Amino acid sequence: MTDAIPAATLVLFRERDDGPPELLIVERGRALAFAGGALVFPGGRIDAEDEALALQLAPGDPIGAARVAALRELIEETGIALGLSPAPDAIKVARLRAALHAGEPFGALLERHGVTLTLSALVPFARWRPAHANMRIFDTHFFIAAAPADATPIADGTESVRAFWASAATVLAEADAERASLIFPTRRNLERLARFASFAEAAADARTHPIETITPWIERRGDAEFLCIPEGLGYPVTAEALDRARRA
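Residues numbered from 1 in each chain as written. Predicted model: local features only at pLDDT ≥ 70, side-chain atom pairs only at ≥ 80, totals over all residues. Heavy atoms only, no water.

**Section: helix α3 (residues 90-101)**
Three or four residues apart is the spacing at which side chains of an α-helix point the same way, because the helix has 3.6 residues per turn.
Reasoning step 1: With 12 residues, α3 should reach 16 Å at 1.5 Å per residue; the first-to-last C-alpha distance of 16 Å fits that figure.
Reasoning step 2: Every buried residue belonging to α3 is among Val 93, Leu 96, Arg 97, Ala 99 and Leu 100, and all of these are buried. Buried positions in α3, seen along its axis, are confined to an arc of 165 degrees and lie on one side of it. Among the exposed residues of α3, those oriented more than 90 degrees off its buried face are Ala 90, Ile 91 and Arg 95.
Reasoning step 3: For α3, the elements touching its buried residues are α2 (64-78), β5 (84-85) and α4 (106-112).
Reasoning step 4: Taken from the residues just after α3, Gly 103 is the one with a positive phi, measuring 95 degrees. (Helix = DSSP H or I, 4+ residues; strand = E, 2+ residues; numbered from the N terminus. Expected span 1.5 Å × (residues − 1). Buried < 20%, exposed > 50% of the residue type's maximum accessible area, 1.4 Å probe, protein only. Arc of directions from axis to C-beta. Contact = heavy atoms within 4.5 Å.)

**Here's the deal with the sheet that holds strand β11 (residues 217-221)**
Reasoning step 1: Pairing within the open sheet is antiparallel, and its three strands lie in the order β11-β12-β13. A strand with exactly one partner marks an edge of an open sheet, and here the two such strands are β11 and β13 (239-241). With direction set aside, neighbouring strand axes in the sheet form an average angle of 35 degrees. (Pairing = 2+ DSSP bridges. Axes fitted to C-alpha atoms, helices over the stretch in contact; angles between N-to-C directions.)

**Re the nonpolar core**
Reasoning step 1: Residues Leu 10, Leu 12 and Leu 117 are the most contacted members of the largest nonpolar core, which totals 36 residues.
Reasoning step 2: Here the element with the most residues in this core is α2; it accounts for eight residues.
Reasoning step 3: Grouped together as the second largest cluster of nonpolar side chains are 35 residues, Ala 126, Val 171, Phe 184 and Leu 193 included. (Core = buried A, V, L, I, M, F, W, Y, C linked by side-chain atoms within 4.5 Å.)

**Observations regarding the packing of α2 against α3**
Any two packed helices are characterised by how steeply their axes cross, that is the angle between the axes, and by the distance between the axes.
Reasoning step 1: At a minimum axis distance of 9 Å, the contact between α2 and α3 shows a crossing angle of 95 degrees. Here α2 lies roughly perpendicular to α3, going by the angle between them. Two secondary-structure elements touch here, α2 through Arg 72, Ile 75, Glu 76, Glu 77 and Thr 78 and α3 through Arg 97, Leu 100 and His 101.
Reasoning step 2: Among the residues making up the contact of α2 with α3, the classes are represented as two nonpolar, two polar and four charged. (Parallel < 35°, antiparallel > 145°, perpendicular 65-115°, else oblique. Nonpolar A, V, L, I, M, F, W, Y, C, P; charged D, E, K, R; others polar.)

**With respect to the side chain of Ser 198**
Reasoning step 1: Mapped onto the secondary structure, Ser 198 falls in the loop between α6 (184-193) and α7 (199-208).
Reasoning step 2: With relative accessibility at 18%, the residue Ser 198 sits in the buried group.
Reasoning step 3: From its side chain, Ser 198 meets the backbone nitrogen of Glu 201 in a polar contact 3.1 Å long.
Reasoning step 4: Here Ser 198 is in contact with Phe 13, Glu 15 and Pro 21, once residues within four sequence places are set aside. (Polar contact = N/O pair within 3.5 Å; in protein donor to acceptor, adjacent residues only side chain to side chain.)

**Some words on the pairing of β11**
Reasoning step 1: When β11 meets strand β12 (residues 224-228), the two strands line up antiparallel, connected through five bridges. Opposite Glu 219, over in β12, you have Phe 226 as the bridge partner.
Reasoning step 2: Where β11 folds back onto β12 in an antiparallel hairpin, the turn is made up of two residues, including Gly 222, whose phi is positive at roughly 65 degrees.

**Structural notes on α7**
Reasoning step 1: Where α7 is concerned, the buried positions are Phe 199, Ala 202, Ala 203, Asp 205 and Ala 206. The buried residues of α7 occupy one face: seen down the axis, they fall within an arc of 160 degrees. Seen from the open side of α7, the exposed residues pointing more than 90 degrees away from its buried face are Ala 200, Arg 207 and Thr 208.
Reasoning step 2: The inward-facing, buried residues of α7 abut β1 (5-14), β7 (123-128), β8 (138-146) and α6.

The structure is reproduced here in structure tokens:
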């Protein structure tokens, strides 16, 4: 089995008074090797600096590095700062983002700007680790969180070419109409998220279901092959025809 790259993804919720909550979605650049052109949630790989920072902030948390990576990637990809205390203003967030893009270590930047991370802002939601033949396999921790007030995403123009708010049902409808592309894990998670009327409902559901590493498998059913995931982990749809599923 190919070694998986540790990664983290964050599903950010924005509540609305007149409809279901909206989620923060980014569109990946079409030239990217992994999920090029697809709509995904902000996230990326866990690096050594994330591991080191997690040991300082949450030494007893086995997924602390994933939490750090999710918050860092949110800043890098969308310019939204979550879980920082005290909450930075827009100018400070822009400086943090520019410095991260320049390759400066996250921990040193936080110390320089006098802020720390509140990792408890993230609620664990799922963990996916595909096993198909692909140049990159990610072992990804999914988290959910409530968006800061007036959070306005701005795509970084490289990995993400667009960043926007939309309900889970809207994104699924766009994909069904072939106006958007979704990889298999994103589609399954959107189907699960579309059931919730609030972040509180989603968080309660996440705490109800066990978080087990999901590795999809291929199963023949009648004359067709399906890509499947286990039952009992909170997902309303657990199989998709293999010839329709986008895996990377």
